[in-house]
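Examining the three-dimensional arrangement
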Amino acid sequence: MIINFKGAKTYLGTGGKSLDSTKKTLCFLHGSGQNHFSFVQQARFFAYKGYSVIVPDMPAHGLSDGNPCKSIKENAEWINDLLVELKLKNVVVIGHSQGCLVALELNKIFKNTLEAIIFVAGSNEIPVNQYLLDLSIENPQKASQMMVTWGHGIDGDMSINKWPGHSHYGEGNNIMCMNKPKALNCDLNSCNDYSDGIDAAKNIKVPALAVLAKNDQMTPLKSGLKFVELIENCETHILDCGHFLPSERPVELNSIINSFLLKLK
Amino acid sequence: MSENYKFDTLSLHAGHIPDKETGSRAVPIYQTTSYVFNSTEEAASLYNMEVGGHLYTRISNPTVAALEQRLAALEGGASALACSSGMAAMHLVISAICSSGDHIVASSKMYGANINLLQHTMPRFGVKTDFVNPNDPEAIKRAIKPNTKLVFGEVIGNPGLDIMDVPEIAKICNSKNIPLVLDATFNTPYLMQPFKHGANIIVHSLTKWLGGHGIAIGGAIVNGGNFDWGDKDKFPTISGAHFALGGISFWEEFGPSALIAKIRAEGMYNFGPSLSPTNAFHLMQGIETLPLRMKKHIENTHSIIEFLVNHEMVEWVKHPDLETHPDHEVAKRILPKGSGSIVAFGIKGGREAGKAFIESVQLASHLANVGDAKTLLIHPGSTTHSHLSSEAMKEGGLTDDMIRLSVGLEDINDITKDFERAFKAVKKLNK
């Protein structure tokens, strides 16, 4: 659905169902250079399971207009304001990659308290090398292509996909190309500059789930495992794939998330 | 470790890794109509397109999906869908994008069945087409109307071998927010990948060079994922609420793969032109050697062109790699590896001479196909394009004396010897 939020056209994926603030809401936060299409196999799945789902395209991403947020904190404030605007209270936030950092900051400021936080391919820090930062200004398309290649495991290389006929690389590149040109650089800088992750992780008091990837080259497994140790009682799973868990292992990821959500009830 | 595998590697591997259960190195043929659901929830999630998977082979099948994913990888597309033939692919694309009252701009120099579909069949359903010279981008621009929903052409025209200036035409389509749909059968992704030149949708007859062995009919649509379907007034059945799945917007839900999602949910579901898993397997066997075959096809084509150009019995030879071809410069630019292995030529003596030639060859096969590993030929005026009027024939660049040759992979000396024998028979006739 499209809303006007903070003066800009803003798209919220709802998984093909209407948003219902009386239900438990799953708020999916996309990663750097991504948008709601990266959660295509989660949004519909959970919307049809009876949850209210929102997958916002952050400003300048996907089908949203506006200027990209310039820090993780700014992203978190934007999401916080959106949840308030939509009067959503029973919220479980699910972040992927950069979305995990945003979730950490959102947890600090969301007044109604998040019901749970789910980290997909997450860490408390996501340093970005200078070459990629520079390339994201000079040639965002090439930078996107490199991220798509690094980000996928062997299924990406070999065009293996449980979604018949779909190519991880071809689809991934096009998803990233849908964003406004400056969005990727702002995202990558936001990740690179973020340094409050350790304290933010230690302060999590709500149920937490982390799903990490064995062959993750963007937020390496080693970093993810250190991160989950910072969180009290974080349920952790490791899947055999690359960074793009939502598209590489949708069935397994959905199953893990679903089981976790059922325990919350 | 992630790798960006190259074309030759993808031709062999894309779409399949040995499965952990059986270790099968070859892509298994899943000769099944349907798939057992583990639960009612799983069944519902497949029907609702919540996640990927297979529910019925008319919609998708694991063997066919391996082929689709290989094609998507080779073309650099977002997604692909294989179907029963190239013509089925074309109809699926048109029916997914157009509704009654819509308009198409298409090349006037195309395969007869493509012209037939657009000129005679689709108007019965309210979709009209204006045909324009594919070598004239400005004419294409002028033909676009407010209700035009796609521009269609063949990268290498069949059988006239006109080359579309894809980058120029793509620019026009892009400026008008109209998808450029290309039949890329004659070039295959080995010779040219249209998405790199700005095209949006590719259709293939897999029966030809991709399959390459003349044993299986098949078609495919490859979706570039690079077209914005967001204009609800222009593309209401893709970006607006669709009757399927409770008013789904394919664009908002599936973005880069909206078109393929719609075709699978509507076209495959309602029309049912599915590809058999066994044919998908055969076509994949062909694709495994596509790079090797295409190199040899081009090598033999260049040799046969030289032979024909210098032959006293040949009136004219047409191939885009010849400097005399009107689209030679475009061909050099967009098809640097070669412009395919179809050669058109005219024999001195006209229609009767052409007939005699075809009936005198022994090695080359007289049949209605192209792109086989074996050398094939046909007289389009009396076969593939016989239903066209003289005017339409002329418009399509066809002449009575024209022979369409699909150069195969035989030893080049054996092909030329075969042709020499046939020319001698024609010479006797001419006397």
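Counting of residues starts from 1 at the beginning of each chain's written sequence and follows it residue by residue. Here every chain gets a letter starting at A, and every ligand a number starting at 1, in the order they are written. Totals for whole chains, interfaces and linings use all residues, but because this is a predicted model, local features are given only for residues with pLDDT of at least 70 and pairs of side-chain atoms are given and counted only at 80 or more. As a rule here, side-chain values cover all heavy atoms of the structure and leave hydrogens and water aside.

All names here are of chain B. Bear in mind that the domain bounds are from an automatic or database domain assignment. One can read the domain layout of chain B as domain 1 (7-286) and domain 2 (290-430). The buried area of a pairing is the accessible area, by a 1.4 Å probe, that goes missing from both parts when the two are put together, added over both. Of all residues in domain 1, the largest losses of buried area upon contact with domain 2 belong to Tyr-190, Leu-191 and Trp-209, amounting jointly to 24% of the total for that side. Basic side-chain nitrogens of Lys or Arg form a salt bridge, by our definition, when they fall within 4 Å of a carboxyl oxygen of Asp or Glu. At the surface where domain 1 touches domain 2, the tally comes to one salt bridge. The term polar contact refers here to a pair of N or O atoms within 3.5 Å; inside protein, the definition further demands a hydrogen-donor-capable atom paired with an acceptor-capable atom, and it admits residues adjacent in sequence only when both atoms are side-chain atoms. Run the count over domain 1 and domain 2 and you get 13 residue pairs in polar contact (both at pLDDT 80 or more). For helices the rule is a DSSP run of H or I covering at least 4 residues; for strands it is a run of E covering at least 2, with both sets numbered from the N terminus onward. Where the side of domain 1 that touches domain 2 is concerned, the elements lending two or more residues are helix H1 (7-13), helix H5 (112-121), helix H7 (166-176) and helix H8 (188-191). In terms of residue count, H8 provides more of the side of domain 1 that touches domain 2 than any other element does, four residues in total.

Bringing the packing of helix H4 (residues 86-97) of chain B against H5(B) into the picture now. Residue and element names in this part refer to chain B. For helices, the axis comes from a line fit to the C-alpha atoms of the stretch in contact; other axes are also lines fit to C-alpha atoms, and the angle between any two N-to-C directions lies between 0 and 180 degrees. Remark: H4 packs on H5, axes separated minimally by 11 Å, with the N-to-C direction vectors making an angle of 30°. In terms of orientation, H4 and H5 fall into the roughly parallel class. In this structure, the crossing between H4 and H5 has a hand that is right-handed. Residues Met-87, Met-90, His-91 and Ile-94 of H4 touch H5, and the partners they reach there are Ala-113, Asn-114, Leu-117 and Leu-118. Each residue receives one of three labels: charged for Asp, Glu, Lys and Arg, nonpolar for Ala, Val, Leu, Ile, Met, Phe, Trp, Tyr, Cys and Pro, and polar for the others, Gly being one of them. Along the lines of polarity and charge, the residues of the contact of H4 with H5 split into six nonpolar, two polar and no charged. Note that the term roughly parallel is reserved for angles under 35 degrees, roughly antiparallel for angles over 145, roughly perpendicular for angles of 65 to 115, and oblique for everything else. The crossing is said to be left-handed when, going from far helix to near helix, the turn is anticlockwise and less than a right angle, and right-handed when the turn is clockwise. Contact definition: two residues touch when any of their heavy atoms are within 4.5 Å.

All names here are of chain A. Only when DSSP finds a minimum of two bridges between them are two strands counted as paired. Judged by pairing direction, the sheet is mixed, and its eight strands sit side by side in the order S1-S2-S4-S3-S5-S6-S7-S8 without closing on themselves. Looking at which strands have only one partner, the edges of the open sheet turn out to be strand S1 (2-5) and strand S8 (234-239). Geometrically, the sheet is characterised by an average inter-axis angle of 25° between neighbouring strands, direction not taken into account. The strands touched by helix H1 (residues 40-47) are strand S3 (25-29) and strand S4 (52-56); relative to S4, the strand with the most contacts, the crossing angle is about 160°.

We now examine the sheet that holds strand S3 (residues 128-132) of chain B. Residues and elements named next belong to chain B. Judged by pairing direction, the sheet is mixed, and its seven strands sit side by side in the order S1-S7-S6-S5-S4-S2-S3 without closing on themselves. Of all the strands in the sheet, just strand S1 (79-83) and S3 have a single pairing partner and so form its edges. If you compare each strand with its neighbour and ignore which way they point, the axes differ by 20° on average. Relative to S3, strand S2 (residues 103-107) runs parallel, the two being bridged by five bridges. Bridging across to S3, Val-105 finds its partner in Asp-130.

All right, on to the side chain of B:Thr63 then. Residues and elements named next belong to chain B. Looking at the secondary structure, you find Thr-63 in helix H3 (residues 62-75). A distance of 2.7 Å separates a polar atom in the side chain of Thr-63 from the backbone nitrogen of Tyr-30. Once you skip the residues sitting within four places of it in the chain, Thr-63 turns out to touch Val-27, Pro-28, Ile-29, Tyr-30, Pro-277, Ala-280, Phe-281 and Met-284.

Below, the discussion takes up unusual backbone geometry. For the bond from B:Asn158 to B:Pro159, the omega torsion is 5°, close enough to zero to count as cis. Mapped onto the elements, B:Pro159 comes out in the loop between strand S4 (148-154) and H7. In this model, A:Asn233 sits at a positive phi of 50°, which is unusual for a non-glycine residue. With respect to the secondary-structure elements, A:Asn233 resides in the loop between helix H10 (221-230) and S8. A positive phi angle, close to 55°, is found at B:Met49, a residue other than glycine. Note on placement: B:Met49 falls in the loop between helix H2 (40-47) and H3.

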